[in-house]
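# Observations on chain architecture
Residues per chain are reported as follows:
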Amino acid sequence: MRFWIFLFLFIGILGWGVIQITDMVRGIFGKEKVVFHKIHTVSYQEEEKSFAHPFQTGIAVYDQEKIYFYDEKGQKRWMISKKIDSLIAACAKDIFFCGDKNTGEITAIDRSGKTLWSAKLDAFLVKLKSNEGGYLAVHVQNQQNEEKIIVLNPKGKITGEISLTEGSILDFAVSEDDIIGISAVSIANNELSSYILFY
């Protein structure tokens, strides 16, 4: 009699385990179908500039001197005309930052297509990074190949500049607490040194 009770319990636990594992595998690989929508067609031409950048709640597309914003359903929300020769972009929660690498001009555009601010930095733009609060850190390089990070607040005002006295900036990030983390490298006396700096 004990044998049969043990066997029924074992089979019941085994069946329950199989059901749980099956549900877990379905959850991992998704129960819902993924549906893709065609939202914008960029016709590639070698001389034309085009770019697509994800936004937290959609996507921004630069095509033929216009910036388009599409929401998560693929609906075009706005379009503005802007000539940018060498586009660089970043985004915060509700702000799209676009800059021209060559001219040093940066523009902040909100989710509704309104230009929040525009700033012109007297240097070549290398990379843009932002946090969710709208602070923007800009890696720039001047004519003498000196590198620095310029920090702009959500209103477009410069709140800080971080200059490197030696080495080169590899990458950087802006935390939600507005702390800048920089990864840099330098070569001296045939030795490679790497640094991580926080400001």
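For clarity, every value in this text was computed on a predicted model and none was experimentally measured.

### Topic: the nonpolar core
- Counting residues in hydrophobic clusters, the biggest one holds 18 residues, and the most contacted among them are Phe-97, Ile-106, Trp-117, Leu-128, Leu-136 and Val-138.
- Those elements that provide at least two residues to this core are β5 (87-91), β6 (95-100), β7 (105-110), β8 (115-120), β9 (124-130), β10 (136-141) and β11 (147-152).
- Among the elements that make up this core, the one with the highest residue count is β10 (three residues).

### A short note on the sheet that holds β11
- Pairing is antiparallel in the open sheet, where four strands are placed in the order β9-β10-β11-β12. Looking along the sheet, the strands with just one partner apiece sit at the ends: β9 and β12 (158-163). Going across the sheet, the axis of each strand differs from the next one's by a mean of 20 degrees, ignoring polarity.
- By the bridge criterion, five bridges tie β11 to β12 in an arrangement that is antiparallel. Residue Val-151 lies in a different strand from β12, and its bridge partner there is Gly-160.

### Some words on a nonpolar patch on the surface
- On the surface, a cluster of nonpolar side chains totalling about 530 Å² of accessible area is made up of Phe-6, Phe-10, Ile-11, Leu-14 and Val-18.
- Mapped onto the fold, Phe-10 is located in helix α1 (residues 2-29).

### Examining a negative patch on the surface
- Negative charge collects at one region of the surface, where Asp-94, Glu-132, Glu-176, Asp-177 and Asp-178 lie side by side.
- Since its relative accessible area comes to 63%, Asp-177 is described here as exposed.

### Here's the deal with the environment of Val-61
- Inspection of the secondary structure puts Val-61 in strand β2 (residues 58-63).
- Classification of Val-61 as buried rests on a relative accessible area of 5%.
- Between the alpha carbons of Val-61 and Ser-50 there is a distance of 7.5 Å; along the sequence they are eleven residues apart.

### Digging into unusual backbone geometry
- For Asn-145, which is not a glycine, the phi torsion comes out positive at approximately 65 degrees.
- Looking at the secondary structure, you find Asn-145 in the loop between β10 and β11.
- For Asn-145, a relative accessible area of 56% puts it in the exposed group.
- Phi angles above zero are rare outside glycine, and Asn-190 is one such case at about 60 degrees.

### Observations regarding the pattern of salt bridges
- Overall, the coordinates contain seven salt bridges when judged by the stated rule.
- Residue Asp-171 pairs with Lys-129 through a salt bridge whose shortest N-O separation is 2.9 Å. Of this pair, Asp-171 sits in strand β13 (residues 168-174) while Lys-129 sits in strand β9, placing them 42 residues apart in sequence.
- With relative accessibility at 31%, the residue Asp-171 sits in the partly exposed group.
- Close ionic contact of Glu-161 with Lys-148 constitutes a salt bridge, the shortest N to O distance being 2.9 Å. One end of the pair, Glu-161, is in strand β12; the other, Lys-148, is in strand β11, and 13 residues separate them in sequence.

Calculation criteria
- Residues numbered from 1 in each chain as written.
- Predicted model: local features only at pLDDT ≥ 70, side-chain atom pairs only at ≥ 80, totals over all residues.
- Heavy atoms only, no water.
- Core = buried A, V, L, I, M, F, W, Y, C linked by side-chain atoms within 4.5 Å.
- Buried < 20%, exposed > 50% of the residue type's maximum accessible area, 1.4 Å probe, protein only.
- Helix = DSSP H or I, 4+ residues; strand = E, 2+ residues; numbered from the N terminus.
- Pairing = 2+ DSSP bridges.
- Axes fitted to C-alpha atoms, helices over the stretch in contact; angles between N-to-C directions.
- Patch = residues over 30% accessible without salt bridge, like charges linked within 9 Å, V, L, I, M, F, W, Y side chains within 5 Å.
- Areas by Shrake-Rupley, 256 points an atom, 1.4 Å probe, with all protein chains shown as cover.
- Salt bridge = Lys/Arg side-chain N within 4 Å of Asp/Glu carboxyl O.
- Lys, Arg positive; Asp, Glu negative; His and termini not counted.
- Charge placed at Lys NZ, Arg CZ, Asp CG, Glu CD.

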